[in-house]
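# Secondary and tertiary structure notes
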Amino acid sequence: MSRRFCMLVLAAILAVQGLYAQPNNDIQARMARGYELFEAGSYRAAQQELSRVREEIPADRRGDLVRIDYLLAECAGKLGEENAMEQFRAFLKNYPNSIYTNDVRFAIANLLYENREYSQAQKEFLAVNPFELPALRRDEYNFKKGYCLFDQEDYDQAYAIFRQVSEQSGYGPHARYYMAYTDYINENYGAAKKVFLELMHNEAYARIIPFYLLQIEFLEGNYDYVTAEGDALLAAATGEREAEIARVLGEAWFHKNDYERTIAYLDRYREAGGVMGREENYLKGFSQYMLGDYTGAVASLSLVCGPDDRLTQNAAYHLGDCYLKTGDKRNAMLSFSMASGADFDDVIREDALFNYGKLQYELGSGVFNEAINVLNRYIREYPSSPRLDQAQEYLVAAYYNSRNYEAAYEAIRQMPNPDNNIRAALQKITYFRALEYFNDGDYDTAYELLEQSQANRFNAKYTALAQFWMGEILFLKGDYARAIPLYREYLSLSPASEAEHTMAMYNLGYCYFNRQEWANARTWFDRFLAAYAPLDDGYRADALNRLGDVNYVGREFRKALENYEGAARLGGDERYYSQYQRAVTLGLLGSRDRKIAALQAIVADGKGDYVDDALYELGRTYVSMERFTDGAATLKKFVTTYPASDKYAAALSNLGLIYQNLGDNAAALRYYQMIVDKAPTSPEAKDALLAIKGIYVDMNDVDGYFAYARKSGIETDLSVVARDSLAYVSAQKVYLSGSVVKSAEALEEYLAKYPRGAYRADALYSLADVRLRSGDRAAAIAALQELSGLYYNSHTVSGLEKLASLCFEEKRYGEAAAAYRKLAATAVNPSTVSGAWDGYLRSMEATEDSGQLAMAVDTVLDASGVSEEVVRRARSLKAGMLAKQGDKAGALALYRQL
């Protein structure tokens with residue numbers, strides 16, 4: 001009770017004695033007795049006395065009522081009654097301005113403190129004015145307020161308030177303990193240790209302080225102290241404390257390199273309920289590693305790896321070594337990968353990175369060969385490493401295994417003194433790199449690389465194969481004379497079991513075939529068929545077709561027929577050519593009815609590239625047999641179905657001739673006029689003009705002829721046609737003279753004077769050649785583009801080939817792609833068609849338009865006449881695009897197919 005309250009009580013007693021009558025004297029005495037009981041600490045008796053007096057005091061004695069209500073609330077609080085808080089709150093509500101308000105708030109804060117409601121208690125302590133409290137209670141106030149803040153982990157404020165507690169008060173040792181503990185958790189170990197040592201003999205803290213002293217010595221690295229004092233503490237500890245001491249002892253022995261004791265104490269820690277976290281598992285795992293228990297170390301260290309920190313790097317590095325020692329290279333590789341990706345310890349990082357790259361190489365590392373990236377990274381980051389040469393050898397081998405021959409080639413070039421092993425690798429690398437350039441259509445670079453491969457003759461197989469592919473390049477360039485000895489030399493060096501061996505015979509057959517050396521062509525195609533293992537594929541069928549062509553040219557039609565029929569029976573795409581040639585050959589053998597039946601079968605089947613040819617030939621056959629009605633019906637179907645065919649104008653000409661023979665000049669005139677209108681530059685147009693004029697004259701309609709001439713806009717007068725012909729002959733003579741400037745002038749003059757001249761296609765083709773020779777590639781391209789827009793003529797295919805090649809070389813990839821695609825649709829020769837599709841694919845790839853490239857790839861894969869090599873390239877590109885789009889399943893399916 002405060003001094004002020006005592007004085008008020010004394011004054012009240014005196015006032016009662018002097019002013020009140022006897023009945024009031026009794027109440028006053030009982031009130032005084034209640035006060036005395038309260039002061040004496042007899043709170044239950046005081047509560048009972050004051051409660052009875054409270055009922056008898058008149059309402060006008062407010063001062064007594066306030067005092068009694070305050071004391072009753074205090075009694076409830078001292079007795080720990082449930083409604084004590086309610087009474088204090090009611091007192092504040094009923095007497096908000098009472099002199100006891102500060103004491104009541106302090107009592108409320110104490111009640112909350114005793115109930116461990118420290119957050120609420122802190123708020124109430126803040127409402128208390130400590131300077132209105134007696135000095136002894138002020139230390140209680142400061143300690144309890146500080147502890148509330150401490151409990152809420154506001155250590156700095158709590159520390160400041162604990163400092164206000166007098167060391168001589170009963171709360172002094174407690175305040176000093178929590179200040180020391182705060183220093184401990186703030187790592188101010190010197191200050192904490194000083195106070196802990198002073199409080200060592202305080203009964204309240206004698207059992208806990210040695211534990212904190214052990215922790216402080218441990219944290220300061222005094223492992224001798226920990227190992228000397230720890231066992232005694234551990235023997236007396238239980239539960240959580242036992243686990244903590246065992247944990248500290250385990251790490252202390254770890255730092256003293258006693259790994260057996262480390263494991264023993266960590267096991268004690270776990271058995272006592274301690275959680276084996278990352279650090280604990282690292283201590284145990286490293287100890288097991290040092291003791292040679294690699295299986296146990298793997299189990300422990302695996303639980304450490306995860307976050308990007310020094311502990312993970314260290315654990316992953318030793319985990320990788322454990323896996324190596326147990327023979328698990330794949331998991332060792334993954335562990336070294338993790339260790340090499342961190343920057344905390346560069347010594348560990350370098351060794352882990354080297355081992356990671358080495359293991360990637362040894363394990364093959366999948367389709368994309370991560371070993372290349374890792375080894376390159378090692379060489380780049382550690383150029384002075386004593387293991388640099390070894391890393392470079394692994395890198396070259398990794399490039400080779402991943403088929404990145406260009407990178408392998410560049411890696412070898414970086415090596416100052418490659419030994420014979422590297423030079424032997426160089427032979428293979430330049431060989432395979434040459435094949436990559438070959439597949440991309442860069443034949444000159446491919447040839448140079450094959451010559452480099454030949455310069456390193458360490459492996460007989462690749463020495464021979466280089467000869468073969470050099471022959472292939474010369475073959476594709478049309479240099480058959482130089483290709484032939486290379487193929488022959490390859491055949492003399494290679495075993496018959498190699499796939500290229502038989503293909504060399506096949507290619508030799510084509511070399512002689514293209515040189516029109518029919519006897520040699522027959523010899524090599526025969527040798528190919530005898531040696532080639534597959535009995536029913538496209539190569540066998542093609543060789544039979546070429547033998548048929550050789551016999552056809554030699555007018556040995558029966559042998560040719562046997563060859564074509566043999567090729568047709570194999571059933572591949574080559575059968576379409578075989579079936580057509582068989583039909584034509586039957587006609588030459590006089591079996592016109594069998595020829596007609598064969599052609600009709602081709603047309604009815606409707607498959608392959610020769611349906612239009614068969615329909616046209618069928619019409620011509622009918623005409624030759626003077627079956628004009630059948631011929632007319634067939635050729636009408638042809639011109640309706642195939643308006644873009646190179647035989648379109650010829651079919652119209654035949655129809656005109658048929659109707660002239662049938663006496664139907666009107667129908668004949670209609671077909672001849674169609675030739676002039678739709679194919680004015682075709683060879684048939686000249687004869688059509690003469691026929692048109694003759695028909696008009698026969699019809700006695702000369703005015704109609706001139707009206708038609710004016711309307712059509714075509715020079716039809718014979719003198720004009722003659723001028724056209726003479727003008728072109730003159731320009732052609734200048735062209736043949738070799739003068740580039742004069743040739744260009746003459747050809748351009750002809751083209752300007754005769755925009756629809758009969759020789760326009762020839763002039764444009766010659767002009768393109770002149771412009772190309774003068775170095776004006778853009779003008780050459782323009783001439784070839786105009787040529788490509790004309791009706792099919794003798795220069796259409798060769799012009800498109802030149803146009804596509806020039807546009808590609810000038811990086812006009814979109815125009816190149818359009819030209820290649822038109823060439824594929826126009827050409828008849830299978831190798832030309834396949835080459836056109838290859839050029840189209842390379843052009844679309846060079847545009848770097850992924851959307852257009854995807855459409856191009858699908859177009860190539862759906863097209864006919866595409867070689868297997870081009871199909872493989874298209875599938876490879878599509879697989880790469882699917883992988884970039886995240887369609888790993890689709891990409892993988894194509895890679896497997898490849």
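Residues numbered from 1 in each chain as written. Predicted model: local features only at pLDDT ≥ 70, side-chain atom pairs only at ≥ 80, totals over all residues. Heavy atoms only, no water.

### What about the overall build of the protein?
Counted only if it meets this: By definition, any uninterrupted DSSP run of H or I lasting at least four residues is a helix, any uninterrupted run of E lasting at least two residues is a strand, and each is numbered from the N terminus. As a reference, a globule follows 2.2 Å times the number of residues to the power 0.38, and the radius of gyration itself is taken over C-alpha atoms. The contact criterion used is simple: two residues touch if any of their non-hydrogen atoms lie within 4.5 Å. The Shrake-Rupley method, run with a 1.4 Å probe sphere, supplies the accessible areas, and residue values consider only the shown protein chains as cover. Charged residues are defined narrowly, with Lys and Arg counted positive, Asp and Glu counted negative, and His plus the chain ends left uncounted. By convention, charge coordinates are those of NZ in Lys, CZ in Arg, CG in Asp, or CD in Glu.
The number of helices and strands found in the protein is 49 helices and zero strands. A compact globule built from 898 residues would reach a C-alpha radius of gyration of about 29 Å, whereas the protein, at 53 Å, exceeds it by more than 25%. Expressed along its principal axes, the backbone C-alpha trace of the protein runs to roughly 165 × 75 × 55 Å. Long-range contacts, defined as pairs at least 24 residues apart, comprise 48% of the intrachain contacts of the protein with a sequence gap of at least 6. Carbon and sulfur atoms provide 49% of the accessible area of the protein, an area that totals close to 44400 Å². Charge separation in the protein, taken as the distance between the mean sites of 100 positive and 123 negative side-chain charges, equals 4 Å.

### Brief notes about the packing of aromatic side chains
Note the following rule: Each Phe, Tyr or Trp ring, with Trp reduced to its six-membered ring, pairs with another whose centre is within 6.5 Å; inter-plane angles below 30 degrees give stacked pairs, above 60 give edge-to-face pairs, and intermediate values give tilted ones. Exposure is judged per residue with a 1.4 Å probe applied to protein chains only, and the accessible area is read against the type maximum: over 50% gives exposed, under 20% gives buried, and values in between give partly exposed. When the NZ atom of lysine or the CZ atom of arginine is within 6 Å of a ring's centre and also within 35 degrees of its normal, the charge is said to sit over that ring.
Taken as a whole, this structure holds 72 aromatic pairs when the rule is applied. Ring plane angle 5 degrees and centroid distance 4.5 Å describe the contact between Tyr70 and Tyr100, whose orientation is recorded as stacked. Taken as a pair, Tyr70 in helix α4 (residues 62–79) and Tyr100 in the loop between α5 (84–94) and α6 (101–114) lie far apart in primary sequence, 30 residues in all. Considered together, Tyr70 and Tyr100 belong to a single accessibility category, that of buried residues. Directly above the ring of Trp253 sits Arg261, whose terminal nitrogen or CZ lies 4.2 Å from the centroid. It is Arg546 that lies over the ring of Phe513; its NZ or CZ is 5.9 Å from the centre.

### A closer look at unusual backbone geometry
In this structure, Glu187 is a non-glycine residue whose phi angle is positive, near 65 degrees. Inspection of the secondary structure assignment puts Glu187 in the loop between α10 (172–185) and α11 (189–198). Even without a glycine there, the phi angle at Arg555 is positive, about 60 degrees. In this fold, Arg555 is placed in the loop between α30 (538–553) and α31 (557–569).

### Some remarks on the layout of surface pockets
Going by this rule: Using only the protein atoms, space was sampled on a 1 Å grid; points where a 1.4 Å probe fits but cannot get out form cavities, open sets with protein on both sides within 12 Å along at least five of seven lines form pockets, and lining residues are those with an atom within 4 Å of a point. Grid points are joined across faces, edges and corners, and a volume is the space filled by probe spheres set on the points. Each residue is assigned to one of three groups, with Ala, Val, Leu, Ile, Met, Phe, Trp, Tyr, Cys and Pro labelled nonpolar, Asp, Glu, Lys and Arg labelled charged, and all others, Gly among them, labelled polar.
Roughly 460 Å³ of internal volume is contained in the second largest pocket. Lining of the second largest pocket is provided by 20 residues; of these, Glu74, Lys78, Ala107, Asn110 and Arg137 occupy positions nearest its centre. Every element with two or more residues in the lining of the second largest pocket is listed here: α2 (22–39), α4, α6 and α8 (135–151). Looking at the lining of the second largest pocket element by element, the count peaks at six residues for α6. When its residues are assigned to classes, the lining of the second largest pocket shows nine nonpolar, three polar and eight charged.

### Thoughts on the nonpolar core
Test applied: Nonpolar cores were defined as sets of buried Ala, Val, Leu, Ile, Met, Phe, Trp, Tyr and Cys residues, with membership established by side-chain atoms within 4.5 Å.
In this structure, Tyr282, Ile429, Tyr431, Leu450, Tyr487, Phe525 and Phe528 are the most contacted members of the largest nonpolar core, which totals 100 residues. When near neighbours in sequence (up to four residues on either side) are disregarded, Tyr282 contacts Phe254, Leu301, Val304, Leu311, Asn314 and Ala315.

### Considering the packing of helix α43 (residues 777–788) against helix α44 (residues 796–809)
Quick note on the threshold: Think of each axis as a best-fit line through the C-alpha atoms, taken over the contacting stretch in the case of a helix, with angles from 0 to 180 degrees between the N-to-C directions. The cut-offs work like this: below 35 degrees is roughly parallel, past 145 is roughly antiparallel, 65 to 115 is roughly perpendicular, and the gaps in between are oblique. We call a crossing left-handed when the near helix sits turned anticlockwise from the far one by less than a right angle, and right-handed when that turn is clockwise.
Their axes nearest at 9 Å, the elements α43 and α44 cross at an angle of 140 degrees. With respect to their mutual orientation, α43 and α44 come out oblique. When you trace α43 past α44, the crossing you get is left-handed. Mapping the contact onto sequence places Arg777, Ala780, Ile781, Leu784, Gln785, Leu787 and Ser788 in α43 and Gly799, Leu800, Lys802, Leu803, Leu806, Cys807 and Glu809 in α44.

### Let's talk about the packing of helix α24 (residues 420–439) against helix α25 (residues 443–455)
Running from N to C, α24 and α25 cross one another at 165 degrees; their axes reach a closest spacing of 8 Å. In terms of orientation, α24 and α25 fall into the roughly antiparallel class. Like other packed secondary-structure pairs, α24 and α25 cross with a definite hand, here left-handed. Across the interface between the two elements, Gln427, Thr430, Tyr431, Arg433, Ala434, Tyr437 and Phe438 from α24 touch Tyr443, Thr445, Ala446, Leu449, Leu450, Gln452 and Ser453 from α25. Of the residues belonging to the contact of α24 with α25, the class tally is eight nonpolar, five polar and one charged.

### Here's the deal with the environment of Tyr405
Structurally, Tyr405 can be placed in helix α23 (residues 405–413). Distance from Tyr405 to Ala709, taken between C-alpha atoms, is 65 Å for residues 304 residues apart in sequence.

### Let's talk about the side chain of Asn551
Inspection of the secondary structure puts Asn551 in helix α30. The exposure class of Asn551 is buried, given its relative accessible area of 5%. Leave out the neighbours within four places in its chain, and Asn551 touches Arg522, Glu556, Phe557, Lys559, Ala560 and Asn563.

### Remarks on the pattern of salt bridges
Just so we agree on the cut-off: A pairing counts as a salt bridge when a side-chain nitrogen of Lys or Arg comes within 4 Å of a carboxyl oxygen of Asp or Glu.
Scanning the model with the defined rule gives 56 salt bridges in all. Taking the shortest distance from any N to any O, the salt bridge between Glu280 and Arg247 comes out at 2.7 Å. Taken as a pair, Glu280 in helix α16 (residues 278–290) and Arg247 in helix α14 (residues 239–255) lie far apart in primary sequence, 33 residues in all. We note that Glu280, like Arg247, is buried. A salt bridge links Glu809 to Arg777, with the nearest nitrogen and oxygen atoms 2.4 Å apart. Of this pair, Glu809 sits in helix α44 while Arg777 sits in helix α43; the two residues are 32 residues apart in sequence, bridging distant segments of the chain.

### As for the side chain of Asp64
Formally: For the purposes of these results, a polar contact is taken to be a pair of N or O atoms within 3.5 Å, where, inside protein, one atom must be able to donate a hydrogen and its partner to accept one; residues adjacent in sequence count only when each atom of the pair is a side-chain atom.
Relative to the helices and strands, Asp64 resides in helix α4. Side chain to side chain, Asp64 and Arg61 meet in a polar contact 2.7 Å long. Not counting the four nearest positions on each side in its chain, Asp64 is found in contact with Met31 and Ile57.

### Observations concerning helix α18 (residues 310–325)
Which entries qualify depends on this criterion: Each helix should span, by expectation, one fewer than its residue count multiplied by 1.5 Å.
For α18, built from 16 residues, the straight-helix expectation of 22 Å at 1.5 Å per residue is met to within 8% by its first-to-last C-alpha distance of 23 Å. With 13 of 16 residues buried, α18 lies mostly within the body of the structure. Following α18 by one or two positions, Gly327 has its phi on the positive side, about 85 degrees.

### What to know about α16
The end-to-end C-alpha separation of α16 is 18 Å, in line with the 18 Å expected for 13 residues at 1.5 Å each. Taken together, the buried positions of α16 are occupied by Glu280, Asn281, Tyr282, Leu283, Lys284, Gly285, Phe286, Ser287, Gln288 and Tyr289. One or two residues past the end of α16 sits Gly292, with phi positive at roughly 85 degrees.

### Side note on the environment of Ala568
With respect to the helices and strands, Ala568 occurs in helix α31. Sequence separation between Ala568 and Ala541 is 27 residues; the distance between their C-alpha atoms is 7.4 Å.

### So, the confidence of the model for the protein
What counts is decided by this rule: The predictor's confidence in any single residue is recorded as pLDDT, a number from 0 to 100.
This prediction gives the protein a mean pLDDT of 86; 93% of its residues lie at or above 70. Ignoring residues within four places in sequence, the model shows residues 1–22, a span with pLDDT below 50, making 24 contacts including any to other chains.

### Brief notes about the environment of Leu65
In this structure, Leu65 sits in helix α4. Judged by its relative accessible area of 10%, Leu65 falls in the buried class. Separated by 23 residues in the primary sequence, Leu65 and Phe88 place their C-alpha atoms 14 Å from one another. Sequence-distant contacts of Leu65, that is, excluding residues within four places in its chain, are made with Arg54, Ile57, Pro58, Ala59 and Tyr95.

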